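The residues making up each chain are set out below.
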Amino acid sequence: MTKALSTSSNSRPQQLLTRILEEPELVSIVQGLEAPVLSKLIDHIGLEDSGEIVALATTEQLKKIFDEDLWRSAKPGKDQTFDAERFSLWLQVMMEAGVEFAAQKLAELDEDLVTLAVCKHVLVINIDAMAERMSGNSRSDDDDLTDKALESCLYEEFAEYQIIAKDHLSWDSLIAVLVELDKNHHDFLMRMLDRCCYISTEYIDDNGGLFNVLNSEEMLESDVAADREDRREAEGYVAPSSAASFLNLARVTPTEELVASRAPDPITQSYFKSLDRAAKEAAKKGPTQALPQGAPSQKVVKFLQELREAEVLEAPAQHPLLAAGAPQAAHAEPLFKLAVLAVRDREPKAYMDRLRELSYLANVLISGCAYAGRAFRPLEAADAAVAVCNLGMERLLREAAGNRPGDPTVDDAADLLERQELVKLFQVGWSLLHRDVQMFTARTLQETLTRMAEGQRDAQKSKELTRMAATLKADVNAGKPCQSRGRLDGLGHVLDRQVILAVKALLSDYPFLPRAISGGSKETDKRDTRFIFTQQQIHAVQAFVQGIGAPAKKASTSAPPASPKDRSTGKDGRG
């Protein structure tokens, strides 16, 4: 490589693309990139402007990118659905490299995926069957209307099939690539059109046709989605439905029952079995030849470094457990991190198991839970999982200590982690967050609003407060305090804006420390400084919530939690 990429934070993606395209060994560099890295590069430049790079991508790279890029979820925890418009854009970009290239790539992709994409954009009917049905003595006025409707549509014929456009935006590129498939991949095209025809035929029938065709499309999409989830699970991803079920089960199970439980979690057990099975199958098949084998070449390594300098990729970060012991300005290090590092020195195999389990738990949070109204970022999710595990570990250590005086030491925690999987710690910690933060906040606020309503002289305001208190009570009784979060803005006439923001943070899917409790420092915006990881912080949250609406009182900020050093020596770290 002869030129360095621009390191300016103001570099425009188009300038970056120009510099990349000047690389003399561009083909080997692009094809040597891992699919997630290539996806980030394309996303940074913009898919519409990445035709030259897409043209160099291998089919295996595109398959993995499509698994990520063509599926969208309304919110974490909801199953992802196929994005037909995004596929149409990808098709147009691939067409920039030539219709032959686009057709070849489609023929090499999963046939179910391509069939699903085509079904989203067109109807396919059998010409002979349609003509026979419409030429009989039973021809109706509806058939005449159908004739007129078909005449006004864009359509194309392939053998016995007529392709009818559902929308005009993707028509030209789709038909061009279908013509090329007919020329060079005829059998593939005929199989696909036959399946599309089966799905579309119901659409034309007079009785319930629309419902049936939509139902058929959903069945195909479900099959494609299931295959995609199997592939992603083999790479360590967790399906949103599985992640949401895991988190909800931990919420509704009493904390004491989780502490006493010795039975393995069925969702986690199934996940690791599938992961191990996929690893064994991959080992049997041997290394794939689709991408360069072994470590990345020096050219690729240098290219990745320059992408980081251009702020396209994040700099590689230490694993959140490996980063323990670094100076922390805003808060003390969780005892959990120090204990895991102690396990690393004492029992390497247990340490690797804990890292594997932490990765799973981070992926659970990414797939199944929202943080501050958005999806977790990867490193953020790892820190959040550490915080929840720390809460669970504190609870189990107290259980083991009984009436023994003094705080647990790092050795005590390491002993626990050597024999205890992180999933149980996480479940216990997640249950505590739900019970002692979310439920406590909603229940206490409901009681506060009830008192405020009783003392309110304005009848209309009293009625509004009573209604909001009743809503909170209903959500608490249903075990879903998060549902009240979106209604809190209506309390602006009785509660300070910062208090409302604080309560919304505590009632989030993943409750976190708001500035009103953590001291209002900008340090609390850092990646891992707003997660609740100690019982002392939970007590501070509860004290704050109990102070809401109290006259002549001001919610106190939390005292800094005890440092790990103080814990390990049995000292009281509270000021």
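Definitions and cut-offs
- Numbering of residues begins from 1 in every chain and follows the order in which that chain's sequence is written.
- Given that the model is predicted, a residue must reach a pLDDT of at least 70 before its local features are reported, and side-chain atom pairs must reach 80 or more before they are shown or counted; all residues, however, enter totals for whole chains, interfaces and linings.
- Here the side-chain values reflect all heavy atoms present in the structure, with hydrogen atoms and water set aside.
- To obtain each axis, a line is fitted to C-alpha atoms, and for helices this fit is confined to the stretch in contact; angles are then taken between N-to-C directions over 0 to 180 degrees.
- Strands here mean DSSP runs of E at least two residues long; helices mean DSSP runs of H or I at least four residues long; both are numbered from the N terminus.
- Angle categories are assigned with fixed cut-offs, so that under 35 degrees is roughly parallel, over 145 is roughly antiparallel, 65 to 115 is roughly perpendicular, and the rest are oblique.
- Handedness of a crossing is defined here by the sense of rotation of the near helix relative to the far one, left-handed for an anticlockwise turn of less than a right angle and right-handed for a clockwise turn.
- A contact between two residues is defined here by any heavy atoms of the two lying within 4.5 Å.
- Each residue receives one of three labels: charged for Asp, Glu, Lys and Arg, nonpolar for Ala, Val, Leu, Ile, Met, Phe, Trp, Tyr, Cys and Pro, and polar for the others, Gly being one of them.
- Here is the rule: rings of Phe, Tyr and Trp (six-membered ring for Trp) pair when centre to centre is within 6.5 Å. Planes less than 30 degrees apart are stacked, more than 60 are edge-to-face, and the remainder are tilted.
- Exposure is judged per residue with a 1.4 Å probe applied to protein chains only, and the accessible area is read against the type maximum: over 50% gives exposed, under 20% gives buried, and values in between give partly exposed.
- Helix span is expected to be 1.5 Å times the residue number reduced by one.
- Here, the arc refers to the directions that run from the helix axis to the C-beta atoms.
- Any two strands with at least two DSSP-identified bridges between them are counted as paired.

1. Let's talk about the packing of helix H5 (residues 59–69) against helix H6 (residues 84–95)
Link 1 in the chain: Contact pair H5 / H6: the axes reach a minimum separation of 11 Å and the direction vectors enclose 150°. Between H5 and H6, the angle falls in the class roughly antiparallel. The handedness of the crossing between H5 and H6 comes out as right-handed. Every residue of H6 that contacts H5 at Leu62, Ile65, Phe66 and Asp69 is listed here: Arg86, Trp90 and Met94.
Link 2 in the chain: Residues of the contact of H5 with H6, tallied by class, amount to five nonpolar, no polar and two charged.

2. Examining unusual backbone geometry
Link 1 in the chain: With a phi angle near 55°, Ala159 is a residue other than glycine that sits in the positive phi range.
Link 2 in the chain: For Ala159, the position within the fold is in the loop between strand E4 (155–158) and strand E5 (161–165).
Link 3 in the chain: A positive phi angle, near 55°, is found at Ala372, a position not held by glycine.
Link 4 in the chain: Summarising the element assignment, Ala372 is placed in the loop between strand E6 (370–371) and strand E7 (374–375).

3. Comments concerning the packing of aromatic side chains
Link 1 in the chain: The final tally for this structure, using the stated rule, is 16 aromatic pairs.
Link 2 in the chain: Pairing Phe246 with Tyr360 gives two aromatic rings, centres 6.0 Å apart and planes at 75°, and the pair type is edge-to-face. Of this pair, Phe246 sits in helix H14 (residues 240–252) while Tyr360 sits in helix H19 (residues 348–368), and the two are 114 residues apart along the sequence. A single burial state applies to Phe246 and to Tyr360, both of which are buried.

4. Thoughts on H14
Link 1 in the chain: Taking 1.5 Å of rise per residue, the 13 residues of H14 would be expected to cover 18 Å, and the 18 Å separating its terminal C-alpha atoms lies within 8% of that figure.
Link 2 in the chain: Residues of H14 that are buried: Pro240, Ala243, Phe246, Leu247, Ala250 and Arg251. Buried positions in H14, seen along its axis, are confined to an arc of 135° and lie on one side of it.

5. Here's the deal with the pairing of E5
Link 1 in the chain: Most of E5 is tucked away, with five of its five residues classed as buried.
Link 2 in the chain: Burial along E5 is two-sided: Tyr161, Ile163 and Ala165 and Gln162 and Ile164, pointing in opposite directions, are all buried.
Link 3 in the chain: Examined bridge by bridge, strand E3 (residues 122–126) and E5 share five bridges and lie antiparallel to one another. From the neighbouring strand, Leu123 faces E5, where its bridge partner is Ile164.
Link 4 in the chain: As judged from the four bridges shared by E4 and E5, these two strands associate in the antiparallel manner. When the sheet's bridge partners are listed, Glu156 is paired in E5 with Ile163.
Link 5 in the chain: The loop that links E4 with its antiparallel partner E5 comprises two residues; one of these, Ala159, has a positive phi angle of about 55°.

6. As for the side chain of Arg354
Link 1 in the chain: For Arg354, the location among the structural elements is in helix H19.
Link 2 in the chain: Using a relative accessible area of 5% as the deciding quantity, one classes Arg354 as buried.
Link 3 in the chain: Among residues more than four places away in sequence, those in contact with Arg354 are Leu417, Glu418, Gln420, Glu421 and Leu422.

Honestly, that's just the spatial picture; any functional story needs more than this.
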